[in-house]
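Observations on the model geometry
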Amino acid sequence: MTKDEEYGTKDYTDPPPAPLVDFEEITKWSLYRAVIAEFVATMLFLYVTVATVIGYKHQSDPNVNPADAACSGVGILGIAWAFGGMIFILVYCTAGISGGHINPAVTFGLFLARKVSLVRAILYILAQCLGAICGCGLVKGFQRAYYVRYGGGANSLSSGYSKGTGVAAEIIGTFVLVYTVFSATDPKLNARDSHVPVLAPLPIGFAVFMVHLATIPITGTGINPARSLGAAVVYNHETTWHDHWIFWVGPFAGAAFACIYHQYVLRMSAGKGHGSSYRA
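Below is a short write-up of the structure.

The rules behind each value
Residues numbered from 1 in each chain as written. Predicted model: local features only at pLDDT ≥ 70, side-chain atom pairs only at ≥ 80, totals over all residues. Heavy atoms only, no water. Phe/Tyr/Trp six-rings, centres within 6.5 Å; stacked < 30°, edge-to-face > 60°. Helix = DSSP H or I, 4+ residues; strand = E, 2+ residues; numbered from the N terminus. Buried < 20%, exposed > 50% of the residue type's maximum accessible area, 1.4 Å probe, protein only. Contact = heavy atoms within 4.5 Å. Disulfide = S-S within 2.5 Å. Expected span 1.5 Å × (residues − 1). Core = buried A, V, L, I, M, F, W, Y, C linked by side-chain atoms within 4.5 Å. Axes fitted to C-alpha atoms, helices over the stretch in contact; angles between N-to-C directions. Parallel < 35°, antiparallel > 145°, perpendicular 65-115°, else oblique. Left-handed = near helix turned anticlockwise from the far one by under 90°.

Here the focus is the packing of aromatic side chains. What the rule picks out here adds up to twelve aromatic pairs. An angle of 70° between the planes, with centres 5.3 Å apart, marks the rings of Tyr179 and Tyr261 as edge-to-face. Of this pair, Tyr179 sits in helix 8 (residues 163-184) while Tyr261 sits in helix 14 (residues 246-266), placing them 82 residues apart in sequence. By relative accessible area, Tyr179 is classed as partly exposed at 26%. The partly exposed category is assigned to Tyr261, whose relative accessible area is 30%. Ring pairs connect the aromatic residues Trp81, Phe206 and Phe209, which therefore count as one cluster.

Moving on, we get to the side chain of Ser117. With respect to the helices and strands, the residue Ser117 is situated in the loop between helix 5 (104-112) and helix 6 (118-142). Overall, Ser117 belongs to the buried group, its relative accessible area being 2%. Ignoring anything within four residues of it in the chain, the contact list for Ser117 reads Ala18, Pro19, Leu20, Glu25 and Phe111.

The next point concerns the state of the cysteines. Scanning all chains against the criterion turns up zero disulfides. Cys134 supplies the cysteine sulfur nearest to Cys136, a cysteine that is in no disulfide, at a spacing of 9.6 Å. Taking relative accessible area as the criterion, Cys136 reaches 0% and is therefore assigned buried.

A rise of 1.5 Å per residue sets the reference length of helix 14, with its 21 residues, at 30 Å; its end C-alpha atoms lie 28 Å apart and thus fit the reference within 8%. All buried positions along helix 14 are accounted for by Ile246, Phe247, Gly250, Pro251, Gly254, Ala255, Ala256, Ala258, Cys259, His262 and Gln263. In this fold, the buried residues of helix 14 make contact with helix 5, helix 8, helix 11 (201-219) and helix 12 (225-235).

This paragraph deals with unusual backbone geometry. Notably, Thr221 is not glycine yet its phi reads approximately 70°, a positive angle. Positionally, Thr221 belongs in the loop between helix 11 and helix 12. For Thr221, a relative accessible area of 0% translates into the label buried. Despite not being glycine, Ile223 shows a phi value in the positive range, around 45°. Relative to the helices and strands, Ile223 is located in the loop between helix 11 and helix 12.

Grouped together as the largest cluster of nonpolar side chains are 48 residues, with contacts concentrated most on Phe45 and Tyr147. Taken together, the elements giving at least two residues each to this core come down to helix 3 (29-59), helix 4 (75-94), helix 5, helix 6, helix 8, helix 11, helix 12 and helix 14. Of all the elements, helix 3 adds the most residues to this core, at seven residues. Setting aside anything within four residues of it in sequence, one finds Tyr147 in contact with Val50, Ile54, Cys136, Val139, Lys140, Gly152, Ala231, Val234 and Tyr235. In terms of nonpolar packing, the next biggest core, distinct from the first, is built from five residues, Leu31, Ala34, Tyr124 and Ala127 among them.

It is worth spelling out helix 4 at this point. In this model helix 4 runs 29 Å from its N-terminal to its C-terminal C-alpha over 20 residues, within 8% of the 28 Å that 1.5 Å per residue would give. Packed against the buried residues of helix 4 are helix 3, helix 11 and helix 12.

In this section: the packing of helix 4 against helix 11. Packing of helix 4 against helix 11 leaves a shortest axis separation of 8 Å and a crossing angle of 155°. Viewed along their axes, helix 4 and helix 11 adopt a mutual orientation that is roughly antiparallel. The chirality of how helix 4 crosses helix 11 is right-handed. Of the residues in helix 11, those in contact with Ile76, Leu77, Ile79, Ala80, Trp81, Phe83, Gly84, Ile87, Phe88, Val91 and Tyr92 of helix 4 are Pro201, Leu202, Ile204, Gly205, Phe206, Val208, Phe209, His212, Leu213 and Ile216.

Following this line, the structure appears as structure tokens:
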């Protein structure tokens, strides 16, 4: 009896790496259906989460609720739950169509690991950014007065923190997220435990939740360049652009580190170059 048979594991084969440019893929409706799914999912993600941020700031405004402002609203914990919960829901809903990236940093990390082609990665990132802008636009359209008054849910470096600290927070936070994505969708785990694909959205959502608890006081938590861009574009205040680069450099660097760590350290697949497939 082999070790795999003893522990009840199944044989598995890592999927081949995605081609850099797949011309056949470009002609398939499934690609564009996935792009649409990424657009809609990111739009819904930004609408719910930014609306939660704006609502909390309004409810906890001393000028609106002077008697009990400090204890009003959902609080930072509620905001973290909104972000983590929405990722859990949307990854669950779109994983079978687009892979449920909903984040350019996740797409970038999976592209580096050769899980998606360059064309798919570019289209996903464009759809995610446009979806984020539309989601924030919906919030502004429904809550215009509050949106402008409370900063549009835009990310910014909090006072008292250096730019280096902000970049480090974004790198580590995105590393946690993308590392979780790789681990939760590893084909070896899927082969061993058939329930893993169903549960994959749960640890991904929890990763987003936990990272928000740690980094909201520092940067407002980006770890998603589309989220940061959408809020910055729609709010479009000079201060939101001062340190905006942090919310691109940090997440992309964190995604790259997570890819290297999981693919070439944990799975030791430098020679094979294969790993989990996180798309339909």
